[in-house]
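Okay, here's what each chain looks like letter by letter:
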Amino acid sequence: MEFDIETLVRENIKKMKPYSSARDEFSGEASIFLDANENSFGSPLPVAYNRYPDPLQSKLKEKISQIKGVPSKNIFLGNGSDEAIDLLFRAFCEPGIDNVIIFPPTYGMYEVCAEVNNVKIKKVPLTEKFQLNLEAIEEAIDSHTKLIFVCSPNNPTGNSIDRNDIEVLLNNFEGLVVIDEAYINYAKQKTFIPELTEYPNLVVMQTFSKAWGLAGLRLGMAFAGLPIINYLNKVKYPYNINQSTQQLALEALNGVDKINVWVKTAVEQREWLKEKLAALSITQIVYPSDANFLLVKMKDATTIYNHLMSKGIIVRDRSKVILCNDSLRITVGTADENEQLISELKEYK
Ligand SMILES: Cc1ncc(COP(=O)(O)O)c(C=O)c1O
């Protein structure tokens with residue numbers, strides 16, 4: 001398969017001249033910075049925020065590079081992985097002409113970003129086993145299909161998508177295959193990051209919002225070949241990752257041991273919760289999960305959802321979602337939270 005990024009990127013993006021910030025034009029050491037119209041006197045906080053942050057987040061990428069084993073130049077950082085999703089549309093999909101493929105039930109932002117960007121979305125539902133329907137996908141692909149989003153482990157079903165099926169897409173699709181690995185830390189399946197050297201059409205997305213416990217900071221990662229990363233950088237806002245996020249994420253990356261312990265505990269708690277939920281008479285199916293949540297088919301999910309809400313426990317009612325009728329998506333909590341959840345469900349009549 002021939003892969004040529006220039007045939008995928010929008011013409012206007014190819015031709016445009018990106019914004020060049022003061023920090024792009026000079027990033028070395030100096031004693032007096034009079035180039036960016038910042039407040040030279042300081043900021044009214046204990047930490048100085050009066051200077052613009054590094055537009056390409058080089059220190060943070062260096063550290064992520066060491067942890068992930070991906071060269072810095074192959075890393076894009078966004079204001080959550082949601083930013084990377086949106087930028088993929090803006091760089092590669094011509095509004096009103098191009099289309100993308102998603103596999104419902106899946107993460108909602110792929111469709112929202114498609115709609116915001118006026119890009120047609122083709123939906124090829126997962127099979128009953130929540131796996132890819134390769135024949136239907138092949139039929140859905142046309143010459144204007146630019147992106148295919150594979151969420152693995154998938155939200156809201158929790159399962160990983162069969163690796164061989166994803167490889168079929170990578171080997172045959174001439175657009176970009178975007179694998180959203182937001183929940184990969186909880187999965188038995190391995191990340192596709194090592195495959196980046198083999199597939200120029202691969203984009204792997206991960207986030208600091210789940211296992212890393214930093215949803216409030218808004219930091220997401222996209223890993224891809226240099227031509228793709230260059231286009232994402234070309235269209236992003238100049239200072240898309242703020243200074244506090246860059247500094248705090250750098251600090252947090254020293255806490256990898258703590259994250260590993262929490263991941264292990266979350267997986268243990270997931271298995272505990274799975275067993276307890278399965279034993280309830282109101283439960284029909286607890287689906288297998290490779291993530292930090294469980295999709296549970298119940299008898300009358302919406303009433304159970306309301307019961308839990310009245311007790312101050314909020315889960316996600318997914319019963320209106322395709323293939324998820326009567327299903328709740330329940331995030332794995334702490335041991336105490338999970339025990340309370342089970343005890344409230346036992347109370348439910
Ligand atoms: C599959 C998936 N991808 C991405 C995100 C969003 O990640 P971020 O917080 O980095 O924007 C979520 C959040 O729930 C998700 O479930």
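Residues numbered from 1 in each chain as written. Predicted model: local features only at pLDDT ≥ 70, side-chain atom pairs only at ≥ 80, totals over all residues. Heavy atoms only, no water.

Trainee: What is the right way to read the environment of Glu38 from this model?
Mentor: Tracing the backbone through its elements, the reader meets Glu38 in the loop between helix 3 (22-25) and helix 4 (58-68). For the pair formed by Glu38 and Lys17, sequence separation is 21 residues and the distance between their alpha carbons is 24 Å. Those residues in contact with Glu38 that sit more than four places away from it in its chain are Arg23, Asn50, Arg51 and Tyr52. Within the structure, the side chain of Glu38 is placed 3.0 Å from the side chain of Arg23, a separation counted as a polar contact. (Helix = DSSP H or I, 4+ residues; strand = E, 2+ residues; numbered from the N terminus. Contact = heavy atoms within 4.5 Å. Polar contact = N/O pair within 3.5 Å; in protein donor to acceptor, adjacent residues only side chain to side chain.)

Trainee: Which parts of the structure should I look at to understand the site of the ligand?
Mentor: In the neighbourhood of the ligand, 13 residues make up the surrounding shell, with Ser81, Asp180, Tyr183, Thr207 and Ser209 lying closest. Between an oxygen atom of the ligand and a main-chain N or O atom of Asp82, the distance comes to 3.1 Å. Taking Lys210, its side chain carries an N or O atom lying 2.8 Å from an oxygen atom of the ligand. Burial of the ligand by the protein amounts to 91% of the accessible area it has alone, namely 400 Å². Considered class by class, the residues forming the shell around the ligand number four nonpolar, five polar and four charged. (Near = heavy atom within 4 Å. Areas by Shrake-Rupley, 256 points an atom, 1.4 Å probe, with all protein chains shown as cover. Nonpolar A, V, L, I, M, F, W, Y, C, P; charged D, E, K, R; others polar.)

Trainee: For this particular structure, what's the right way to read the pattern of salt bridges?
Mentor: Pairs can form between side chains of opposite charge once their charged atoms are near each other. Applying the stated rule across the entire model yields 14 salt bridges. As a salt-bridge pair, Arg23 and Asp35 come within 3.2 Å of each other at their nearest N and O atoms. Of this pair, Arg23 sits in helix 3 while Asp35 sits in the loop between helix 3 and helix 4, and the two are 12 residues apart along the sequence. Where salt bridges share partners, they join Arg23, Asp35, Glu38 and Arg51 into one cluster. (Salt bridge = Lys/Arg side-chain N within 4 Å of Asp/Glu carboxyl O.)

Trainee: In this structure, what is going on with the nonpolar core? I would like to understand it.
Mentor: The tendency in soluble globular proteins is for nonpolar side chains to be buried as a group. If you look at the biggest cluster of nonpolar residues, it comprises 50 residues, and the most contacted ones within it are Ile64, Phe103 and Phe223. Dropping the residues within four chain positions of it, Phe223 is found in contact with Ile64, Lys68, Val70, Asn74, Ile75, Ile193, Leu196, Leu202, Val203, Val204, Gln206 and Ile229. Counting 35 residues, the second largest nonpolar core, distinct from the first, contains Ile85, Val100, Ile229 and Tyr231. (Core = buried A, V, L, I, M, F, W, Y, C linked by side-chain atoms within 4.5 Å. Buried < 20%, exposed > 50% of the residue type's maximum accessible area, 1.4 Å probe, protein only.)

Trainee: Got a minute to help me understand the side chain of Gln206 in this structure?
Mentor: Tracing the backbone shows Gln206 in strand 6 (residues 202-207). Residue classification places Gln206 among the buried residues on the basis of a relative accessible area of 4%. Setting aside residues up to four positions removed in sequence, Gln206 forms contacts with Lys68, Ser81, Glu181, Ile184, Thr191, Ile193, Gly220, Met221 and Phe223.

Trainee: Hey, could you run me through the state of the cysteines in this one?
Mentor: Any covalent bond linking the sulfur atoms of two cysteines counts as a disulfide. Applying the stated rule across the entire model yields zero disulfides. For Cys151, which is in no disulfide, the shortest distance to another cysteine sulfur is to Cys324 and amounts to 12 Å. On the basis of relative accessibility, which here comes to 4%, the residue Cys151 falls in the buried class. Cys324 gets classed as buried once you look at its relative accessible area, which sits at 0%. (Disulfide = S-S within 2.5 Å.)

Trainee: Where do I start with the packing of helix 11 (residues 256-278) against helix 13 (residues 335-347) in this structure?
Mentor: The relative placement of two packed helices comes down to the angle between their axes together with the axis-to-axis distance. Contact pair helix 11 / helix 13: the axes reach a minimum separation of 11 Å and the direction vectors enclose 10°. By the angle between their directions, the pair helix 11 and helix 13 is classed as roughly parallel. Of helix 13, the residues touching helix 11 (which contributes Gln269, Trp272, Leu273, Lys276 and Leu277) are Ala335, Asn338, Glu339, Leu341, Ile342 and Leu345. Residue composition of the contact of helix 11 with helix 13, grouped by class: seven nonpolar, two polar and two charged. (Axes fitted to C-alpha atoms, helices over the stretch in contact; angles between N-to-C directions. Parallel < 35°, antiparallel > 145°, perpendicular 65-115°, else oblique.)

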